[in-house]
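Secondary and tertiary structure notes
Read off the chains here:
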Amino acid sequence: DAGVIQSPRHEVTEMGQEVTLRCKPISGHNSLFWYRQTMMRGLELLIYFNNNVPIDDSGMPEDRFSAKMPNASFSTLKIQPSEPRDSAVYFCASSLQTVGSLHFGNGTRLTVT
Amino acid sequence: DAKTTQPTSMDCAEGRAANLPCNHSTISGNEYVYWYRQIHSQGPQYIIHGLKNNETNEMASLIITEDRKSSTLILPHATLRDTAVYYCIVRVDNGNKLVFGAGTILRVKS
């Protein structure tokens, strides 16, 4: 079991650029979550999917953020255009819907200058 | 989901038991208590969860009071590698949404 795989591990970009974060959930898991973590706000749930369908995106900060899950083994979180306040660590997690525990990836550290 | 209250930080001597408390006085009958921890620079890691009975696994024990308004996570023999932020979360199982609070910073000292 390779666990949840996120890429890239680190991303540095300039304000106004498009950023795409990638996530491969654990095989067989049918729920996928995107979280953001900052010192000020802690861990925030941005959006989650069940069976590739977005269920709750109320945590997405604004229209600059979008997430997709085209199939059961891949998801993206896109920020366009990026701003310095988007700098954070972005975590992806997956789970079996009927089992409680979430498995987290090691995160993508995003720095927007 | 019910709100939880945890101490901001705690210290524990290496080799001793670490007892981390959590208050969840507004918990509903169908809400579970979950514990996760986050070691520096890593993603959160699931530890244990329970509904009303005490639970034990290879990592920890979870003690839930009879009225379910509070719980304690016990790490029986804390090591330096257990230094982390510990999150207590209550949610409806199969409810998917997992909302993290500020957690407790546990520092294990030699």
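Looking at the overall build of chain B
Tallying secondary structure elements over chain B gives zero helices and nine strands in all. Along its sequence from the N terminus, chain B presents helices and strands in the succession β-β-β-β-β-β-β-β-β. Compactness check: chain B gives a C-alpha radius of gyration of 13 Å against a globular reference of 13 Å for 110 residues, within 12% of the reference. Dimensions of chain B along its principal axes, counting C-alpha atoms only, are 40 × 30 × 25 Å.

Side note on the environment of Arg68(B)
Residue and element names in this part refer to chain B. Among the secondary structure elements, Arg68 is positioned in the loop between strand 6 (61-64) and strand 7 (70-75). A sequence separation of 36 residues divides Arg68 from Tyr32, and the C-alpha atoms of the two residues are 9.7 Å apart. Not counting residues within four places of it along the chain, the set of residues in contact with Arg68 comprises His24, Ile27, Ser28, Gly29, Asn30, Glu31, Leu51 and Lys52.

Thoughts on the sheet that holds strand 3 (residues 19-24) of chain A
All names here are of chain A. One open sheet holds the four strands; their spatial order is 1-3-8-7, and the pairing between them is antiparallel. Single-partner strands in this sheet number two, and they are strand 1 (5-7) and strand 7 (65-71). Within the sheet, the average angular offset between the axes of one strand and its neighbour, ignoring direction, is 15°. Judged from the five bridges that link them, strand 7 and strand 8 (residues 74-79) form a sheet pairing that is antiparallel. In the strand pairing of strand 8, Lys68 is matched with Thr76.

Digging into the interface of chain A and chain B
With 22 residues of chain A in contact, the opposing surface of chain B contributes 17 residues. Where chain A packs against chain B, one counts zero salt bridges. Run the count over chain A and chain B and you get three residue pairs in polar contact (both at pLDDT 80 or more). Listing elements by their share of the side of chain A that touches chain B, those giving two or more residues are strand 4 (31-38), strand 5 (42-50) and strand 9 (88-95) of chain A. Residues belonging to the side of chain A that touches chain B are distributed by class as follows: nine nonpolar, 11 polar and two charged.

Quick look at the sheet that holds strand 6 of chain B
Hydrogen bonding along the main chain pairs the strands of a sheet, whether they run parallel or antiparallel. Overall, antiparallel pairing links the four strands, which are arranged 2-7-6-5 (chain B) in an open sheet. Edge positions in the sheet fall to strand 2 (18-23) and strand 5 (55-56) of chain B, since each of these pairs with one other strand and no more.

Topic: unusual backbone geometry
Of note, the amide linkage connecting Ser7(A) to Pro8(A) takes the cis form, showing an omega dihedral of -10°. Within the element layout of this structure, Pro8(A) appears in the loop between strand 1 and strand 2 (10-13). Cis geometry is found at the peptide bond from Gln80(A) to Pro81(A), where omega equals -5°. Of note, the phi angle at Asn52(A) is positive, near 75°, even though the residue is not glycine. Within the fold, Asn52(A) resides in the loop between strand 5 and strand 6 (53-56). The phi angle at Ser41(B) is positive, at roughly 70°, despite the residue not being glycine.

Topic: the environment of Ser82(A)
All names here are of chain A. Along the chain, Ser82 falls in the loop between strand 8 and strand 9. Given a relative accessible area of 1%, Ser82 falls into the buried group. C-alpha of Ser82 to C-alpha of Glu18: the two residues are 64 residues apart in sequence and 6.0 Å apart in space. Residues contacting Ser82, with those up to four places away along its chain left out, are Thr13, Glu14, Met15, Gly16, Gln17, Val19, Arg64 and Val112. Looking at Ser82, its side chain comes within polar contact range of the main-chain oxygen of Gln17, at 2.7 Å.

Some points on the pattern of salt bridges
Residue and element names in this part refer to chain A. Tallied over the full model, the rule gives 11 salt bridges over all chains. In this structure, the salt-bridge partner of Asp86 is Arg64, at a minimum N-O distance of 2.7 Å. Of the two residues, Asp86 is situated in the loop between strand 8 and strand 9 and Arg64 in the loop between strand 6 and strand 7; the sequence distance between them amounts to 22 residues. Among the residues examined, Arg64 registers a relative accessible area of 10% and is labelled buried.

Calculation criteria
- Residues numbered from 1 in each chain as written.
- Chains lettered and ligands numbered in written order.
- Predicted model: local features only at pLDDT ≥ 70, side-chain atom pairs only at ≥ 80, totals over all residues.
- Heavy atoms only, no water.
- Helix = DSSP H or I, 4+ residues; strand = E, 2+ residues; numbered from the N terminus.
- Rg over C-alpha atoms; globule rule 2.2 N^0.38 Å.
- Contact = heavy atoms within 4.5 Å.
- Pairing = 2+ DSSP bridges.
- Axes fitted to C-alpha atoms, helices over the stretch in contact; angles between N-to-C directions.
- Salt bridge = Lys/Arg side-chain N within 4 Å of Asp/Glu carboxyl O.
- Polar contact = N/O pair within 3.5 Å; in protein donor to acceptor, adjacent residues only side chain to side chain.
- Nonpolar A, V, L, I, M, F, W, Y, C, P; charged D, E, K, R; others polar.
- Buried < 20%, exposed > 50% of the residue type's maximum accessible area, 1.4 Å probe, protein only.

Structural measurements only, silent on function.
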